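# Geometric and topological summary
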Amino acid sequence: MAKARNILFIMFDQLRWDYLSCYGHPHLHTPNIDRLASMGVRFDRAYIQAPICGASRMSTYTGRYVNSHGAGWNNVPLRVGEPTLGDHLRKAGMSCWLVGKTHMAADVEGMERLGLKRGTTIGERVAECGFDVYERDDGMRPEGPDGFYDEGGAVAYNAYLRSRGYGGDNPWHDHANSAIDADGNVLSGWFLNNSNKPANIAEEDSETPYMTRRGMEFIERQGDAPWCMHLSLIKPHWPYIVPEPYASMFGPQDFLPVVRTQEEFDAAHPVFKAMMTGPVARTFCRDEVRNAVLPAYMGLIKQIDDQMGVLFDWLERTGRMQDTMIVLTSDHGDFLGDHWLGEKQFFHDTSTKVPLIIYDPSPEADATRGTVSDALVEQIDLAPTFLAVAGGAPVDHVLEGHSLLPILHGTATEMPREVAICEYDYSGTPLRARLGVSVEDARCFMAASKAWKLIHFEGGFRPMLFDLVNDPRELVDLGDSPEHADIIAMMYDHLHAWFRRCDQRITKSREDLEAMGGRIGRRGVTIGVYSEAEADPELVVRYVGRKARPWQDIAARKPIA
């Protein structure tokens, strides 16, 4: 096998780690993704940095924690000047392209302040999270009384659908994400009671096959120069609906049992209880909802796996499997009624732990093929990994993660961290109002080791604590247990150490700072030296043996003798 010179970075949206057969799902068989795992390394403890699409992705694309880059919620702009994956890779001689979703919001005010214009190369890269764009599609074209959620959403995809004969002003909704009844009435996929109906679209025209083909088209057009292509697919994110044959593949007999107990609900932490009693959570706790949604969710994943088979077979035929690293992951999971929640916005492994499979064609990775890593990994580790593949020099003062190549190449089994960090900023959500906390206090943080998970809340709330060894389903909160006070203190030490890191000092590297120690003296700054006799002669050579005229002579304009 040749050395990896390209990177195919595949990300799904809202894909739970435990809904793949290589991660243990007993009924949802994903042989193509399993095949990739057999060729590479499957990571069992990969954590996201925020349980929401936009913030999670901004951490992945910058290699930095939310606390560092500041884009803590969907459509919160990533500030101008924040270095991204594309910036690092291009400096190392590798292009960086997008096919699919980023959920990036441009910092329009910052761009205007600096005179960066859309339509220019630098302006487009700053506005697109550092990527060059082959096709961006955040996969969402919902429309309400105030207009579209995303004016740019699914524009190219809708044009494709119209070229295929699908009508209407928004075929993304009317066909790809809705069913129809016998009279031709659109049954919107936004209504969960329609989730178990087949989408009114030919399977090959639905979103996952379409964007997978676009990714293959991009690769086909590449020459010999190394590239990184982010193939970012929207599914199995809602609307939960899938075309046949996938709509009919799964039923209640295939579901994973719901993970929740009445005791968990009754004893819930105040913030957790407010989440449980929110409208989305209450909906997903109904059996009729799970019975409608889960077949579609599983069908979408089965379709994903089939499309990965198409893609991987094509890479084999074209020889690209020989020189391309393949990374497959998700931006977060989906509660689907577990822990009395819907959506993804909390810290259970259901949401924060994601699948991560990496195939490296390099000979150095031969020893780890088909293995499973128990290392504590974060999504911010991907950027330094990609930079290392590109041959770029490490930028540890900017990228807060660590390269995974030592694990992939069998020279290490653990990462240099004791906890994984995840952050959630709910300041712009109805949850904040229900709890009555300020915008400043509407934040919470997770620190997870292999044994324990601590959740800290601002606003004066007590912490939560889970014993991941004896309670892996995270059903018993020990945050107010006196017997676990020492554990809580230990986990807080980890969290506080994380808060104290130098996350904003990104303009000077460690090596620069170490070298700066003697430079000031060599530039003539001589501080705290009492006399010439005590000075280093080499450093004060410009200050000794010199002559000057008295200022009085200069003031009197006396001629020089």
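All figures in this text were calculated on a predicted structure; none of them were measured in a lab.

## A few points about the packing of helix 9 (residues 207–220) against helix 13 (residues 287–318)
Taken N-terminus to C-terminus, the directions of helix 9 and helix 13 make an angle of 15°; their axes are 10 Å apart at the nearest point. Accordingly, the angle class assigned to the pair helix 9 and helix 13 is roughly parallel. You can see that helix 9 and helix 13 cross each other, and the crossing is right-handed. Within the contact between the two elements, helix 9 uses Thr208, Pro209, Thr212, Met216, Ile219 and Glu220 and helix 13 uses Gln303, Ile304, Gln307, Met308, Val310, Leu311, Trp314 and Leu315. When its residues are assigned to classes, the contact of helix 9 with helix 13 shows 9 nonpolar, 4 polar and 1 charged.

## Digging into the sheet that holds strand 15 (residues 420–425)
Reading across the sheet, the 4 strands line up as 15-16-17-18 and stay open at both edges, with antiparallel pairing between neighbours. Because the sheet does not close on itself, it has two edges, and the strands there are strand 15 and strand 18 (464–467). Each adjacent strand pair in this sheet contributes to an overall mean axis angle of 15°, direction not counted. As judged from the 4 bridges shared by strand 17 (residues 452–457) and strand 18, these two strands associate in the antiparallel manner. When the bridges of strand 18 are listed, tryptophan 452 appears paired with aspartate 467.

## Some points on the state of the cysteines
Summed over all chains, the structure comprises 0 disulfides. Left unpaired, cysteine 53 is separated from the closest cysteine sulfur, that of cysteine 422, by 13 Å. For the unlinked cysteine cysteine 129, the closest cysteine sulfur is that of cysteine 96, found at 9.1 Å. The exposure class assigned to cysteine 129 is buried, which follows from its relative accessible area of 2%.

## Looking at the nonpolar core
Phe43, Met325, Phe346, Leu356, Ile358, Phe386 and Tyr426 are the most contacted members of the largest nonpolar core, which has 74 residues in total. Not counting residues up to four positions away in its chain, the partners in contact with methionine 325 are Ala4, Asn6, Ile7, Leu8, Ile358, Tyr359, Asp360, Pro361, Val389, Leu405 and Leu408. With 62 residues, the next largest nonpolar core counts Phe12, Ile33, Leu256 and Leu328 among its residues.

## Considerations on the packing of aromatic side chains
For the structure shown, the criterion picks out 25 aromatic pairs. An angle of 45° between the planes, with centres 5.9 Å apart, marks the rings of tryptophan 73 and tyrosine 424 as tilted. Linking tryptophan 73 in the loop between helix 3 (66–69) and helix 4 (85–91) with tyrosine 424 in strand 15, this pair joins segments that are 351 residues apart in sequence. Residue tryptophan 73 is classed as partly exposed on the basis of its relative accessible area, which comes to 23%. We note lysine 273 situated over the ring of phenylalanine 265; from NZ or CZ to the ring centre the distance is 4.7 Å.

## Quick notes on the side chain of glutamate 474
Here glutamate 474 shows up in the loop between strand 18 and helix 18 (485–499). Of the polar contacts made by the side chain of glutamate 474, one reaches the side chain of lysine 453; its length is 2.7 Å. Ignoring anything within four residues of it in the chain, the contact list for glutamate 474 reads Glu264, His339, Phe347, His348, Asp349, Lys453, Phe466 and Leu468.

What counts and how
Residues numbered from 1 in each chain as written. Predicted model: local features only at pLDDT ≥ 70, side-chain atom pairs only at ≥ 80, totals over all residues. Heavy atoms only, no water. Axes fitted to C-alpha atoms, helices over the stretch in contact; angles between N-to-C directions. Helix = DSSP H or I, 4+ residues; strand = E, 2+ residues; numbered from the N terminus. Parallel < 35°, antiparallel > 145°, perpendicular 65-115°, else oblique. Left-handed = near helix turned anticlockwise from the far one by under 90°. Contact = heavy atoms within 4.5 Å. Nonpolar A, V, L, I, M, F, W, Y, C, P; charged D, E, K, R; others polar. Pairing = 2+ DSSP bridges. Disulfide = S-S within 2.5 Å. Buried < 20%, exposed > 50% of the residue type's maximum accessible area, 1.4 Å probe, protein only. Core = buried A, V, L, I, M, F, W, Y, C linked by side-chain atoms within 4.5 Å. Phe/Tyr/Trp six-rings, centres within 6.5 Å; stacked < 30°, edge-to-face > 60°. Lys NZ or Arg CZ within 6 Å of the ring centre and 35° of its normal. Polar contact = N/O pair within 3.5 Å; in protein donor to acceptor, adjacent residues only side chain to side chain.

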